Every structure is written in C-alpha cells, then in structure tokens.
Amino acid sequence: KPQDAKPTGLKIQIASAHGLRSADLIGNRSDVYVEVEIEGKSDSKVTSAVVAGTASKKEGAGENGKNSIDVELKFVGELKGYVAGDKILFKVKDKDFLKSDDFLGKATVTDGGFGGKLVLEGAGEGFQAHLM
C-alpha cells in the first residue's frame, strides 16, 4: 500500500448468491445475508438485508447433484476508509434466531474490484457457491 494513499469510500454491489447449502434443520432453507468489511477495519462492516431461500435441485445438476439455494440480494453498500490495496472480506451467513448464525461461505478480494462471479470458500462439501 502506498504510504500517502488517502482513505475513500468503496461502493459494493452484490446482486445475488447462488449454490448455497440449506443450514436450517427444518424446511430445507437458509435465511441468507452477507457481511462485507475491510480486513483489519471491523468498523467498516456493512451487512445486507436477510433474504429467505429454499433449497431446490438445479437444472443440469445430475442425479447426484445436491439441492442448493439461490437468492436475490440486490445489496448496495459503501465501505468507509478503503485504501488501495486493502483486502475486502465477504462472509455469507444464515440468520438464526435461537442460536448463533451459520457460516455459508467466504471470499476475499485484494484488488478493490471484481466483476461477475466471486467463488465462495468453505461452502460445504459438494457445494459450489458464489456471489454475483
């Protein structure tokens, strides 16, 4: 990072999440939301609204394909204090009211921008989840 770089706001847009596992025991669903923050700057965190999704078999998934969840997030936020070179962390979670929220996947962006598909790590065995 350049030492003289001035912090700015970085606009974040997340249209949707795809291929997520269902984390709730009842109903084959997840109440999905995304947290985005600058690594090491927890006060920069922005959070999307919670969107309910129900797992279903995707077209072309094959006989052994797992049911997965797709949700439209339509989230726009701004990370305050962004400096060129900062790492941006994306965490996808399932909102739970009676216990701690379930982790559904994460991604890190280091160049300040991405377009298209952002693949999520730790989405669960057999799941290929991503943000758009």
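What you see is a predicted model; the values in this text were computed from it and never measured.

### Observations concerning the sheet that holds strand E5 (residues 69-82)
Link 1 in the chain: Strand order in the open sheet made by the four strands is E5-E1-E9-E8, with antiparallel pairing throughout. Each having just a single partner strand, E5 and strand E8 (118-119) make up the two edges of the open sheet.
Link 2 in the chain: Note that strand E1 (residues 8-20) and strand E9 (residues 130-131) share two bridges and pair antiparallel. In the strand pairing of E9, histidine 18 is matched with histidine 130.

### Description of the pattern of salt bridges
Link 1 in the chain: Going through the model one piece at a time under the given rule, you end up with nine salt bridges.
Link 2 in the chain: Among the ionic pairs, aspartate 86 bridges to lysine 41, the shortest N-O distance being 3.0 Å. Highlighted residues: aspartate 86 in the loop between E5 and strand E6 (88-94) and lysine 41 in strand E3 (residues 41-47), separated in sequence by 45 residues.
Link 3 in the chain: Overall, the relative accessible area of 24% leaves lysine 41 in the partly exposed class.
Link 4 in the chain: Here the residues in one salt-bridge network are Glu35, Glu37, Lys45 and Lys93, joined through shared partners.

### Observations concerning the pairing of E1
Within a regular strand, side chains alternate between the sheet's two faces.
Link 1 in the chain: Inspection of the sheet shows E1 paired to E5 by nine bridges, in the antiparallel sense. Across the sheet, residue threonine 8 finds its bridge partner in E5, namely tyrosine 82.

### Remarks on the nonpolar core
Link 1 in the chain: Within the largest apolar cluster, 30 residues are counted, with the highest numbers of intra-cluster contacts made by Ile12, Ile14, Leu20, Val36, Ile88, Phe90 and Leu131.
Link 2 in the chain: Within the residue set of this core, elements represented by two or more residues are E1, strand E2 (29-38), E5, E6 and strand E7 (102-109).
Link 3 in the chain: Top element by residues in this core is E5. It accounts for six residues.

### Quick look at the side chain of serine 68
Link 1 in the chain: As for its position among the elements, serine 68 is in the loop between strand E4 (51-54) and E5.
Link 2 in the chain: Residues in contact with serine 68, not counting those within four places in the same chain, are Gly19, Leu20, Thr54, Ala55, Ser56, Lys58 and Phe127.

### What about the environment of leucine 89?
Link 1 in the chain: With respect to the element layout, leucine 89 can be found in strand E6.
Link 2 in the chain: The class of leucine 89 is buried, set by a relative accessible area of 17%.
Link 3 in the chain: Along the chain, leucine 89 and serine 100 lie 11 residues apart, while their C-alpha atoms are 20 Å from each other.
Link 4 in the chain: Beyond its immediate chain neighbours, meaning those up to four positions away, leucine 89 contacts Glu35, Val36, Glu37, Glu39, Ala107 and Thr108.

### Side note on the environment of phenylalanine 127
Link 1 in the chain: Within the secondary structure layout, phenylalanine 127 lies in the loop between E8 and E9.
Link 2 in the chain: In this structure, the C-alpha to C-alpha distance between phenylalanine 127 and serine 68, residues 59 residues apart in sequence, is 7.7 Å.
Link 3 in the chain: Every residue in contact with phenylalanine 127, bar those within four places of it in the chain, is listed here: Gly19, Leu20, Arg21, Lys66, Asn67 and Ser68.

### So, the confidence of the model for the protein chain
Link 1 in the chain: Looking at the protein chain as a whole, its pLDDT mean stands at 90, while 91% of the residues score no less than 70.
Link 2 in the chain: Per-residue pLDDT, averaged within each element of the protein chain, yields its smallest value for E1 (93) and its largest for E6 (97).

### A short note on unusual backbone geometry
Link 1 in the chain: Phi at asparagine 28 is positive, roughly 55 degrees, even though this residue is not glycine.
Link 2 in the chain: Secondary-structure assignment places asparagine 28 in the loop between E1 and E2.
Link 3 in the chain: What makes asparagine 28 partly exposed here is its relative accessible area of 32%.
Link 4 in the chain: Of note in this structure, lysine 74 is not a glycine but carries a positive phi near 50 degrees.
Link 5 in the chain: By the secondary structure assignment, lysine 74 is in strand E5.
Link 6 in the chain: On the basis of relative accessible area, lysine 74 is assigned to the exposed category, the value being 68%.

Thresholds applied
- Residues numbered from 1 in each chain as written.
- Predicted model: local features only at pLDDT ≥ 70, side-chain atom pairs only at ≥ 80, totals over all residues.
- Heavy atoms only, no water.
- Pairing = 2+ DSSP bridges.
- Helix = DSSP H or I, 4+ residues; strand = E, 2+ residues; numbered from the N terminus.
- Salt bridge = Lys/Arg side-chain N within 4 Å of Asp/Glu carboxyl O.
- Buried < 20%, exposed > 50% of the residue type's maximum accessible area, 1.4 Å probe, protein only.
- Core = buried A, V, L, I, M, F, W, Y, C linked by side-chain atoms within 4.5 Å.
- Contact = heavy atoms within 4.5 Å.
- pLDDT = per-residue confidence, 0-100.

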